[in-house]
Amino acid sequence: MVALSRRGFICGGAAVAALATVPAVAATGIKTLANGKTEVNLAANKSLAKVGGVVQLSIKKYGKVAVIRTSKTDNGFAVIRLACPHEGVIVKPDSQGGWNCPPPRGHGSSFALNGTLIGGGEANSSLKPIKFTATSKAVTIA
Ligand code: FES
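Residues numbered from 1 in each chain as written. Predicted model: local features only at pLDDT ≥ 70, side-chain atom pairs only at ≥ 80, totals over all residues.

Per an unreviewed UniProt entry, the recorded name for the protein is Rieske family protein, and the organism is Candidatus Nanopelagicus hibericus.

So this is what it looks like as structure tokens:
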């Protein structure tokens, strides 16, 4: 892994340039499959067409999560829980292209877009990744 900057974006060994703030929008085209997995349709979520695009959704077993486009490959995504590992406050997009654990309930920890802990606040670990599979048509969250 190669860190490009404080806000560097790291994915699968391939570094992606630091990204401008990307508004995280609510996901649409969400389907719960018979096996309990959650499918995010890519055609219905245009913001995931671009590297750095983000959508947010809630899944019963994980709470609020984000799907992030990390590269143009079919499997080029990250899926992370948005609950801060310190006390579970939901992190918010920040002005530097990552996530911040907001006051007054949160304590100000910062995370890269892919959930990697940057520092500050009280968190001592990254946002938790969630297993998924992806194709050119959908991201399926385990
Ligand atoms: S709850 Fe996020 S830093 Fe404390």
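Moving on from the model shown.
Chemist: Explain the overall build of the protein residue by residue, including any values.
Modeler: A count of helical and extended segments in the protein gives 0 helices and 14 strands. Helices (α) and strands (β) of the protein occur, in sequence order from the N terminus, as β-β-β-β-β-β-β-β-β-β-β-β-β-β. Within the protein, buried positions represent 34% of all 142 residues. (Helix = DSSP H or I, 4+ residues; strand = E, 2+ residues; numbered from the N terminus. Buried ≥ 20, exposed ≤ 12 C-beta atoms within 10 Å, placed from the backbone.)

Chemist: An account of the sheet that holds strand 5 (residues 38-41) is needed here, citing residue identities and associated values.
Modeler: Strands sit in the order 4-5-14-13 across an open sheet of 4 strands; the sheet is antiparallel. Sheet topology places strand 4 (30-32) and strand 13 (132-134) at the edges, where each strand pairs with a single neighbour. Strand-to-strand twist across the sheet, computed as the mean angle between neighbouring axes with direction ignored, equals 20°. Pairing of strand 13 with strand 14 (residues 138-141), which is carried by 3 bridges, proceeds in the antiparallel orientation. Pairing of A134 across the sheet is with V139, part of strand 14. (Pairing = 2+ DSSP bridges. Axes fitted to C-alpha atoms, helices over the stretch in contact; angles between N-to-C directions.)

Chemist: Could you give an account of the confidence of the model for the protein, with specific residues and numbers?
Modeler: Mean pLDDT for the protein: 87, with 83% of residues reaching 70 or above. Under a pLDDT of 50 for its full length, residues 1-19 has, in the predicted model, 41 contacts with residues more than four places off or in other chains. (pLDDT = per-residue confidence, 0-100. Contact = placed C-beta atoms within 7 Å.)

Chemist: Provide a residue-level description of the pairing of strand 8 (residues 77-81), including the pertinent values.
Modeler: By the criterion of burial, strand 8 is predominantly enclosed, with 5 of the 5 residues buried. What you see with strand 8 is no split at all: F77, V79 and R81 on one side and A78 and I80 on the other are buried throughout. Sheet topology note: the strand 7 (residues 63-69)/strand 8 ladder contains 5 bridges and is antiparallel. Across the sheet, the residue bridging to R69 is F77, located in strand 8.

Chemist: Break down the sheet that holds strand 12 (residues 117-119) for me, citing the residues and quoting the values.
Modeler: If you trace the 4 strands from one edge of the open sheet to the other, you get 9-10-11-12, paired in antiparallel fashion. In this open sheet, the two edge strands, each paired with only one partner strand, are strand 9 (92-93) and strand 12. Bridge count for strand 11 (residues 110-111) against strand 12 is 2 bridges, and the pairing is antiparallel. Residue S110 lies in a different strand from strand 12, and its bridge partner there is G119.

Chemist: Report on unusual backbone geometry, specifying residues and quantitative values.
Modeler: The amide bond that connects P103 to the next residue, P104, takes the cis arrangement and shows omega of 10°. Within the secondary structure layout, P104 lies in the loop between strand 10 (99-100) and strand 11.

Chemist: Quick rundown of the environment of C101? Include the residues and the values.
Modeler: Among the secondary structure elements, C101 is positioned in the loop between strand 10 and strand 11. Given 28 C-beta atoms within a 10 Å radius, C101 is considered buried. Residues C101 and P85 lie 16 residues apart in sequence; the distance between their C-alpha atoms is 9.9 Å.

Chemist: Could you give an account of the nonpolar core, with specific residues and numbers?
Modeler: Ranked by size, the top nonpolar core spans 29 residues in total, and within it V67, F77, V79 and V139 carry the most contacts. Among the secondary structure elements, those contributing two or more residues to this core are strand 6 (54-59), strand 7, strand 8, strand 13 and strand 14. (Core = buried A, V, L, I, M, F, W, Y, C linked by C-beta atoms within 7 Å.)

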